[in-house]
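Here is how the chains run, residue by residue.
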Amino acid sequence: MQIHDNPTLKAEARNLNFFYGEAKALKNINMPIYDKKVTALIGPSGCGKSTYLRSFNRMHDLYPGNRYEGEIRFFPDNTNLLAAEVDPIEVRMRIGMVFQKPNPFPKSIFENVAYGLRVRGENNKRVLDDKVEHALKGAAIWDEVKDRLADLASNLSGGQQQRLCIARALATDPELLLFDEPTSALDPIATGAIEELIHELKKRVTILIVTHNMQQAARVSDYTAYMFLGEMVEFGKTDEIFIKPKDKRTEDYITGRMG
Amino acid sequence: MKPLTTEEIRAVIAAGKLRDNLFKATGVFCLALALIVIVALVADMVIKGSDRFTLDFFLNFASRRATQAGILSAWVGSLLVMLVTAMAAVPLGVAAGLYLEEYAKRNWLTNLIEINITNLAAVPSIVYGLLALGIFVYQFGLGQSILSAGLTLALLILPIIIVATREAIRAIPAMIREGSMAVGATRWQTCRYHIVPYAMPGILTGVIIGLARAIGETAPIITIGALTFIAFLPPAPLSTLGDGSTAGLFDWVMAPFTVMPIQIFNWTSRPDPAFEVNAAAAGFVLMAMVLSMNAVAIFLRYKMRKNIKW
Ligand SMILES: Nc1ncnc2c1ncn2[C@@H]1O[C@H](COP(=O)(O)OP(=O)(O)OP(=O)(O)O)[C@@H](O)[C@H]1O
Ligand SMILES: [Mg+2]
């Protein structure tokens, strides 16, 4: 295994600042994201994890008054995701997202997964069938839903809904997958299933995951970043961050003295 | 503060419950009063008009003799005017609501538009009639036609549909919109696949409330010059006309017409008391039309909402 060799860069935040109107929520963030690795974002509530995550797929563009400064470089093509001339829709076509609360559309299981493909103009039934099946298998939910693809997604359990949302994101083969506390609304068993899935997924996709759960970060991630009050305090290999953090604030947070 | 004894707690609860019950009783009384008035009105119309509830009443044109006069041209006219109203007001209202909620930037201009949509809903209907007389009837040369009437009523209910559309859209959680945008959908795709379908039950309710209001409107229709006595129907599409020619698909929209409320108004203003029976019967029919529209709205909303859960 070459875990310790130089991994490839998939993305890199450079001097990233973010403003909700006047309020500065991200302060000069610099951080690499490595290809086909899981990077965990941890930090106390309100420190800006979601804000940072949602900068990658330009989710902030949906609301008025938000402003980015700096760059997020995306590789191999070295695009600045935040550049004004880069279409946020193109960014979202390359970067998938799974939200904190499962948010399936009130449509059939099939249509939920097929949606991203339809948006890209794919209407061929055979292709859709194939890709939907592939995505559902990738999200480890195929066996549970294969006989009821036409059922409403809202009839699934919370854990199943979240895996369906993962399938929805996977169906379009994203290069980077963003997870914002994907298990915070789930019970331990459903959480375990998602964690296992993330482990499986990193073979083919880069993952950036926000979590409040220290054990989860330790279990699923290769790299961990600790954020505090909008700043990136520390970034490193997960085992190093958890065993010997360099920054006092990281240590305090990890050992549970705050947050 | 000393903790309350059990007796004191019970006394506090009892006092609270007394007020609960008092309010409940008042509420039930007010509700009953309102219901009794409505039931009495309907019953009055049914009793007075009972002699006219025959098939002929629905199939006869207006007549000088009360016993032979019917509401054929009135109910056909009302339905056709409603059709035009719906065809005009629904696309406009939904598009406007969608634009304001999903596309428009929040600034002083959209705020101004917003306030004025609310104001429009409060404009007296006769004013719409005057406006339509000037614009549709004379300026556009549409004449005293079903089209003019339908467009006039469409203007009248446009604010209702816009407001209903916006409220239905606002009830859709942001995370559904974000979920759609996150896979790379455009705003239009998000509207087409999600926002409009999920808002549809609410929009539909607004449309039917609007139409139910429009079908009973009299003043603007009189203003633009609906007939009060009419003994023919608008030409059905592709039917053969009196001079042997064939009617076009949309000739009917330019035809003169009358509607239910005008027919009723006309009958109540006749000196012969026999016409009051006609008026009462027609009043009941109009009432039944409105109630069945509401019933359809409730049914459709129930059917559609069943599948929309977040
Ligand atoms: N839409 C918004 N408008 C203005 N300020 C916001 C908005 N969303 C978040 N903030 C602020 O930005 C800061 C960062 O919020 P963010 O949601 O990114 O935190 P977080 O680390 O994800 O917290 P949590 O762990 O509770 O989800 C907070 O101070 C928050 O109050
Ligand atoms: Mg968050």
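The structure this text deals with has already been given above.
Since this is a predicted model, take the numbers as computed values, not measurements.

Looking now at the side chain of S108(A). Residues and elements named next belong to chain A. Looking at the secondary structure, you find S108 in the loop between β6 (95-98) and α3 (109-119). A distance of 3.0 Å separates the side chain of S108 from the backbone nitrogen of E111, its partner in a polar contact. In this structure S108 touches L149, A150, D151, L152 and A153, once residues within four positions along its chain are discounted.

Next up on the list: the sheet that holds strand β9 (residues 223-228) of chain A. Residues and elements named next belong to chain A. Read across the open sheet, the 6 strands follow the order β6-β7-β8-β3-β9-β10; overall the sheet is mixed. At either end of the open sheet lies a strand with only one pairing partner, and these are β6 and β10 (231-237). On average, each strand axis in the sheet is tilted by 15° relative to the strand beside it, whichever way the strands run. Note: strand β3 (residues 38-42) against strand β8 (residues 206-210), 4 bridges, orientation parallel. Paired with T39 across the bridge in β8 is L208.

Next up on the list: the site of ligand 1. Residues and elements named next belong to chain A. Lining the immediate environment of ligand 1, one finds Y20, A25, S45, G46, C47, G48, K49, S50, T51, E181 and H212. At 2.7 Å from an oxygen atom of ligand 1 is found a side-chain nitrogen or oxygen belonging to K49. Residue E181 places a side-chain N or O atom 3.4 Å away from an oxygen atom belonging to ligand 1. Here ligand 1, which alone exposes 630 Å², has 55% of that area covered by the protein. Of the residues forming the shell around ligand 1, the biggest block, 3 residues, is contributed by helix α1 (residues 49-56). Its residues assigned to classes, the shell around ligand 1 shows 3 nonpolar, 6 polar and 2 charged.

With that out of the way, let us pick up unusual backbone geometry. Residue and element names in this part refer to chain A. A cis amide bond links F75 to the next residue, P76, at an omega of 10°. Looking at where P76 falls in the secondary structure, it is placed in the loop between β4 (66-74) and β5 (79-80). In this model, A140 sits at a positive phi of 55°, which is unusual for a non-glycine residue. Positionally, A140 belongs in the loop between α4 (125-138) and α5 (142-145). Residue classification places A140 among the partly exposed residues on the basis of a relative accessible area of 44%. A positive phi angle, near 50°, is found at L229, a position not held by glycine. Within the secondary structure, L229 sits in the loop between β9 and β10.

Here we come to the pattern of salt bridges. Residues and elements named next belong to chain B. According to the stated counting rule, one finds 28 salt bridges over all chains in the structure shown. For R166, the salt bridge goes to E114, with nearest N and O atoms at 2.9 Å. Residue R166 is located in helix α6 (residues 146-170), and its partner E114 is located in helix α4 (residues 108-122); the two are separated by 52 residues in the primary sequence. Of the residues examined, E114 reaches a relative accessible area of 24% and is grouped as partly exposed. Connected through salt bridges with shared partners, the residues E101, R106, E114, R166 and R170 form a single ionic network.

Conventions we followed
Residues numbered from 1 in each chain as written. Chains lettered and ligands numbered in written order. Predicted model: local features only at pLDDT ≥ 70, side-chain atom pairs only at ≥ 80, totals over all residues. Heavy atoms only, no water. Helix = DSSP H or I, 4+ residues; strand = E, 2+ residues; numbered from the N terminus. Polar contact = N/O pair within 3.5 Å; in protein donor to acceptor, adjacent residues only side chain to side chain. Contact = heavy atoms within 4.5 Å. Pairing = 2+ DSSP bridges. Axes fitted to C-alpha atoms, helices over the stretch in contact; angles between N-to-C directions. Near = heavy atom within 4 Å. Areas by Shrake-Rupley, 256 points an atom, 1.4 Å probe, with all protein chains shown as cover. Nonpolar A, V, L, I, M, F, W, Y, C, P; charged D, E, K, R; others polar. Buried < 20%, exposed > 50% of the residue type's maximum accessible area, 1.4 Å probe, protein only. Salt bridge = Lys/Arg side-chain N within 4 Å of Asp/Glu carboxyl O.

Purely geometric stuff here, so don't read any function into it on its own.
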